[in-house]
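The lines below spell out each chain.
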Amino acid sequence: MTGSLTVVGLGPGNPDQMTTEALAAIAAAEDFFGYFPYIDRLNLRADQRRHASDNREELVRARAALEMAANGGRVCVVSGGDPGVFAMAAAVCEAIDEGPVEWRQIELSVIPGVTAMLAVAARAGAPLGHDFCAISLSNNLKPWPVIEKRLIAAARAGFVMAFYNPVSKARPHQLDEAFDLLRGYLPVAVPVVFGRAAGRPDEAIRIVPLAEAQGGMADMATCVIVGTAETRIIQRGENRPIVYSPRYFRGGSGSDGA
Ligand code: SAH
């Protein structure tokens, strides 16, 4: 008997930012696979089983979940934020693509969640109000020269950029390299938002011009949003400034890098 596999996005960490669809999917499942901090976030019942694993084991975890679903289990794979953004949904699809033909019979659902860049953008104002892109700065799964090429292309095209996985212990210098590179293509007054642990009790939002942006301002729990020449800052005295990208493109100097 074939079971079901649901890939669920838990949102950025605040229970209020989980969808009711995600909560219902969790209530309906029996076995839970995911990176252990995400599994720890779930309020599971005594009859629900945890299969937590390390972050680097995405494909192994996806295959184990699919195997259990193929044998009739009601299985849930969890990701932080949205499962389709640098997370488990693509790993599950890849495992199905490469796996035994029976896995194609499994009832598969992907439940979206609030991804980190949206949670951070909401705290800062509306930096993603115009065209934007999301780039993972991790070179575990792609070579650094490809990342550099994409950063330059995005800056030249006038996209606001959201950086996921901006730094790690193994990659302490890459965010500084990215900022150095971007300073060659963007005005140095462009606002940069460092959004750490958005939606969690230890949330911290910091806004600096690109000229002052440093890799040390981010950690693994930070999503960095780099504006464009169009992105504006509204100063509000004691209150945190508002950062927004106007919906109307005016095409000021340096705004499209052309
Ligand atoms: N699927 C997740 C992203 C996984 S990649 C999502 O949709 O949000 C992991 C990266 O996401 C982290 O390195 C960090 O850049 C970002 N991130 C995850 N949760 C975050 C949060 N609460 N606040 C800020 N950034 C976060």
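These numbers come from a predicted model, not from an experiment. (Residues numbered from 1 in each chain as written. Predicted model: local features only at pLDDT ≥ 70, side-chain atom pairs only at ≥ 80, totals over all residues. Heavy atoms only, no water.)

Q: Account for the sheet that holds strand S11 (residues 222-226), naming residues and giving values.
A: Strand order in the open sheet formed by five strands is S7-S8-S11-S9-S10, and the pairing between neighbours is mixed. In this open sheet, the two edge strands, each paired with only one partner strand, are strand S7 (132-136) and strand S10 (204-209). Each adjacent strand pair in this sheet contributes to an overall mean axis angle of 20°, direction not counted. Taken together, the three bridges between strand S8 (residues 160-164) and S11 define a ladder with antiparallel strand orientation. Within S11, the position partnered with Ala-162 by the bridge is Ile-225. The sheet contacts of helix H5 (residues 116-124) involve S7, S8, strand S9 (191-196), S10 and S11, and relative to S11 the element is tilted by about 65°. Sheet contacts for helix H6 (residues 144-157): S7 and S8; angle to S7, the most-contacted strand, approximately 165°. (Pairing = 2+ DSSP bridges. Helix = DSSP H or I, 4+ residues; strand = E, 2+ residues; numbered from the N terminus. Axes fitted to C-alpha atoms, helices over the stretch in contact; angles between N-to-C directions. Contact = heavy atoms within 4.5 Å.)

Q: Go over the layout of surface pockets, please, and point to the residues and values.
A: Reported here for the largest pocket is a volume of approximately 1,700 Å³. Lining of the largest pocket is provided by 50 residues; of these, Tyr-38, Asn-55, Glu-58, Phe-86 and Asn-165 occupy positions nearest its centre. Looking at the lining of the largest pocket, the elements with two or more residues in it are helix H2 (36-40), helix H3 (58-70), strand S4 (74-79), helix H4 (88-98), H5 and S11. Sorting elements by how many residues they give to the lining of the largest pocket places H4 first, with four residues. For the lining of the largest pocket, the domains that each give at least three residues are domain 1 (4-114) and domain 2 (117-244). The space that makes up the second largest pocket amounts to roughly 240 Å³. Around the second largest pocket sit 13 residues that line it, and Met-18, Leu-23, Arg-41, Leu-42 and Asn-43 are the ones nearest its centre. Class assignment of the residues belonging to the lining of the second largest pocket gives a composition of seven nonpolar, four polar and two charged. (1 Å grid on protein atoms, 1.4 Å probe; cavity = no way out; pocket = protein on both sides within 12 Å on 5 of 7 lines; lining within 4 Å. Points joined across faces, edges and corners; volume = space filled by probe spheres on them. Domains from an automatic or database assignment. Nonpolar A, V, L, I, M, F, W, Y, C, P; charged D, E, K, R; others polar.)

Q: Please give an account of the sheet that holds strand S12 (residues 232-236) that cites residues and values.
A: Reading across from one edge, S6-S13-S12 is the order of the three strands in this open sheet, with mixed pairing throughout. Of all strands in the sheet, those bounded by a partner on one side alone are strand S6 (125-126) and S12. Summarising the sheet, S6 and strand S13 (residues 239-244) pair through two bridges and their orientation is parallel. In the sheet register, Gly-125 faces S13, and the bridge partner there is Val-243.

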